[in-house]
Amino acid sequence: MKRLSTTFAVLASIGAILTLAAPARAQQLKAPDDIKMTLRLLVQVSNDFKRQITAKNFARVPHEFMEYTEAADALRGAIKNEPADFKTKVETRLKAAVADYQKISDMSAKATDPAPLMAEHAKAVTAMNSIFDLFPADYRPDPNLPPPGRGGAKKN
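Not measured: the values here are computed from a predicted model.

Enquirer: For this particular structure, what's the right way to read the overall build of the chain?
Expert: Counting its regular elements, the chain contains five helices and zero strands. Here the chain holds 156 residues, and the buried ones make up 33% of them. Total accessible area on the chain stands at roughly 9800 Å², and carbon and sulfur atoms take up 59% of it.

Printed below as a string of structure tokens:
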């Protein structure tokens, strides 16, 4: 009887280890460098939106939206070989974020005050961050770092 309980305990331990290891395997994505780059692009363009709004350069906002959709398309391409359920989750959140940035772009045509655009930008950033939540922590860009070439760290 003791041998049976020992065997059961060993099998239960192995099962627990495999259960814990499954999420780690699920987070091993096929194109990590491409994915990291596209997530970083989304943040950079979002930061560009904010800069244009803050500077009251409202005419430039639609161009930023075009760049955001290009970055979104790049993310779609980077995850094209991932499992269907993962792609569906990303696409659902990505569509919501793109719609939020589209709203900012549309509002900019008649804007004279940056405050309403900044309020919408905060909502768009929340939607964008929900995309990042689907990826491993080390894939997520730091939104506070300037992009390369704009005061970012110099490479030797």
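Enquirer: What is the right way to look at the pattern of salt bridges in this model?
Expert: Side-chain pairs of opposite charge can arise whenever the charged atoms involved come near each other. Summed over all chains, the structure comprises six salt bridges. For glutamate 64, the salt bridge identified is with arginine 60, shortest N-O distance 3.5 Å. In this structure arginine 60 comes out as partly exposed when scored by relative accessible area, which is 33%. Note that arginine 76 is salt-bridged to aspartate 73, the shortest N-O span being 2.7 Å. Placement of the pair is arginine 76 and aspartate 73 together in helix H3 (residues 61-78), with a separation of three residues, close to one helical turn.

Enquirer: Hey, could you run me through helix H4 (residues 84-108) in this one?
Expert: One full turn of an α-helix is made of 3.6 residues, so residues set three or four places apart face in the same direction. For H4, spanning 25 residues, the distance from its first C-alpha to its last is 36 Å, which sits close to the expected 36 Å at 1.5 Å a residue. All buried positions along H4 are accounted for by Phe86, Val90, Leu94, Ala97, Val98, Tyr101, Ile104, Ser105 and Ser108. In the core, the buried residues of H4 are packed alongside helix H2 (32-54), H3 and helix H5 (114-132).

Enquirer: Would you mind going over the packing of aromatic side chains with me for this structure?
Expert: Aromatic ring pairs are defined here through the distance separating the ring centres and the angle between the ring planes. As enumerated under the stated definition, the model contains three aromatic pairs in all. Site record: aromatic cluster; members linked through ring pairs are Phe49, Tyr68 and Tyr101. Residue placement shows lysine 36 over the ring face of tyrosine 139; its charged tip is 5.2 Å from the ring centre.

What counts and how
Residues numbered from 1 in each chain as written. Predicted model: local features only at pLDDT ≥ 70, side-chain atom pairs only at ≥ 80, totals over all residues. Heavy atoms only, no water. Helix = DSSP H or I, 4+ residues; strand = E, 2+ residues; numbered from the N terminus. Buried < 20%, exposed > 50% of the residue type's maximum accessible area, 1.4 Å probe, protein only. Areas by Shrake-Rupley, 256 points an atom, 1.4 Å probe, with all protein chains shown as cover. Salt bridge = Lys/Arg side-chain N within 4 Å of Asp/Glu carboxyl O. Expected span 1.5 Å × (residues − 1). Contact = heavy atoms within 4.5 Å. Phe/Tyr/Trp six-rings, centres within 6.5 Å; stacked < 30°, edge-to-face > 60°. Lys NZ or Arg CZ within 6 Å of the ring centre and 35° of its normal.

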